Amino acid sequence: MSEGIAYQNKDILFKVLSQTYKEKSFAAYGINLPPIRALLPTNLPKISANEKDIDNLFLLEDGTYAIVDYEAEFKKRNKIKYLNYIARVMEKYYPGEDDFHLRLVVIYTGDVKNAESTFETNCITLRMEQAFLSHIDGKAAFDIIYRKVQSGIPLEDDDLMRLVILPLTISGSQGKQ
């Protein structure tokens, strides 16, 4: 057995003491929380090998990183997926001492008309920038591009980007076909 006090002595002490915390409060620490209902396990193992990659990750001209995810429906549980994306990007690219600028952009297809742009808990607020393709008048955009092509006017980059997303502005799978 080694001599001296364990390096993790505070962790060990708090683990042992935490078992007596049930129905107690954190008032002794100067923290105003409701009484403790239960002590939950802290070993939260997760082994994950999946191919659920971020849809897109961009480095913008101003040094900002942008996570861009495309969604065909709004699900509150997607916020957990986004938080995992953010953690993984920060683990890889955050230098640790400088400012780090990261944006989360969610682009919804024509099937989604609106969605909550924030997710808030007591310890974190997640803010998303959103684009709703359902708000784009696809027919009008197509007509403008069609007239340019018919007139021999070269399409600009924005025209090409609009042309690519036009099928996604329509709701329902039949309309997209």
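Since we're looking at a predicted model, the values are computed, not measured.

S.K.: Explain the overall build of the protein to me, and be specific about the residues and the numbers.
M.R.: When you go through the protein residue by residue, the secondary structure sums to five helices and six strands. If you list the helices and strands of the protein from N to C, you get α-β-β-α-β-β-β-β-α-α-α. When each of the 177 residues of the protein is scored for burial, the buried share is 21%. Sequence separation of 24 or more characterises 50% of the internal contacts of the protein that already satisfy a separation of 6 or more. Accessible surface, the protein as shown: approximately 14200 Å² in total, 55% of it carbon and sulfur.

S.K.: Before we move on, could you go through a nonpolar patch on the surface and cite the residues and values that matter?
M.R.: A cluster of nonpolar side chains, namely Phe142, Tyr146, Leu160 and Leu163, defines an oily patch on the protein surface of about 370 Å² accessible area. Those elements giving two or more residues to the nonpolar patch turn out to be helix H3 (138–151) and helix H4 (157–165). In this structure Leu160 comes out as partly exposed when scored by relative accessible area, which is 40%.

S.K.: Which residues make up the packing of aromatic side chains, and what values go with them?
M.R.: Any aromatic ring pair is given by two values, namely how distant the centres are and how the planes are angled relative to each other. As enumerated under the stated definition, the model contains five aromatic pairs in all. Through a chain of ring-to-ring contacts, the aromatic side chains of Tyr65, Tyr93, Tyr94 and Phe100 assemble into a single cluster.

S.K.: I'd like a rundown of the side chain of Lys148, residues and numbers included.
M.R.: As for its placement among the helices and strands, Lys148 is situated in helix H3. The exposure class assigned to Lys148 is buried, which follows from its relative accessible area of 19%. With residues near it in sequence (within four places) discarded, Lys148 still touches Ile153, Leu155, Glu156 and Asp159.

S.K.: Pulling in residues and values, what's your account of the sheet that holds strand E6 (residues 129–132)?
M.R.: Backbone hydrogen bonds are what pair the strands of a sheet, in a parallel or an antiparallel way. Spatial ordering of the open sheet is given by E1-E2-E3-E6, a layout of four strands whose pairing is mixed. With partners counted over all chains shown, the strands left at the sheet margins are strand E1 (56–59) and E6, one partner each. The sheet shows a mean angle of 20 degrees between the axes of neighbouring strands, direction not considered. With respect to the sheet, helix H2 (residues 78–93) is in contact with E1, strand E2 (65–71) and strand E3 (102–108), its orientation differing from that of E2 by roughly 155 degrees.

S.K.: Explain the pattern of salt bridges to me, using residue names and the numbers behind them.
M.R.: Pairing between side chains becomes possible if they bear opposite charge and their charged atoms approach one another. Considering all chains together, one arrives at eight salt bridges under this definition. Note that Asp143 is salt-bridged to Lys139, the shortest N-O span being 3.1 Å. One end of the pair is Asp143 and the other is Lys139, both in helix H3 and four residues apart, which spans about a single turn. Here Lys139 falls in the exposed class, since its relative accessible area comes to 60%. Across the pair Lys148 and Asp159 runs a salt bridge, and its minimum N-O distance is 2.7 Å. Pair noted here: Lys148 is in helix H3 and Asp159 is in helix H4, with a separation of 11 residues, a long-range link. As far as the burial class goes, Lys148 and Asp159 line up, both buried. Linked through salt bridges whose partners overlap, the residues forming this network are Asp69, Glu71 and Lys81.

Calculation rules
- Residues numbered from 1 in each chain as written.
- Predicted model: local features only at pLDDT ≥ 70, side-chain atom pairs only at ≥ 80, totals over all residues.
- Heavy atoms only, no water.
- Helix = DSSP H or I, 4+ residues; strand = E, 2+ residues; numbered from the N terminus.
- Buried < 20%, exposed > 50% of the residue type's maximum accessible area, 1.4 Å probe, protein only.
- Contact = heavy atoms within 4.5 Å.
- Areas by Shrake-Rupley, 256 points an atom, 1.4 Å probe, with all protein chains shown as cover.
- Patch = residues over 30% accessible without salt bridge, like charges linked within 9 Å, V, L, I, M, F, W, Y side chains within 5 Å.
- Salt bridge = Lys/Arg side-chain N within 4 Å of Asp/Glu carboxyl O.
- Phe/Tyr/Trp six-rings, centres within 6.5 Å; stacked < 30°, edge-to-face > 60°.
- Pairing = 2+ DSSP bridges.
- Axes fitted to C-alpha atoms, helices over the stretch in contact; angles between N-to-C directions.

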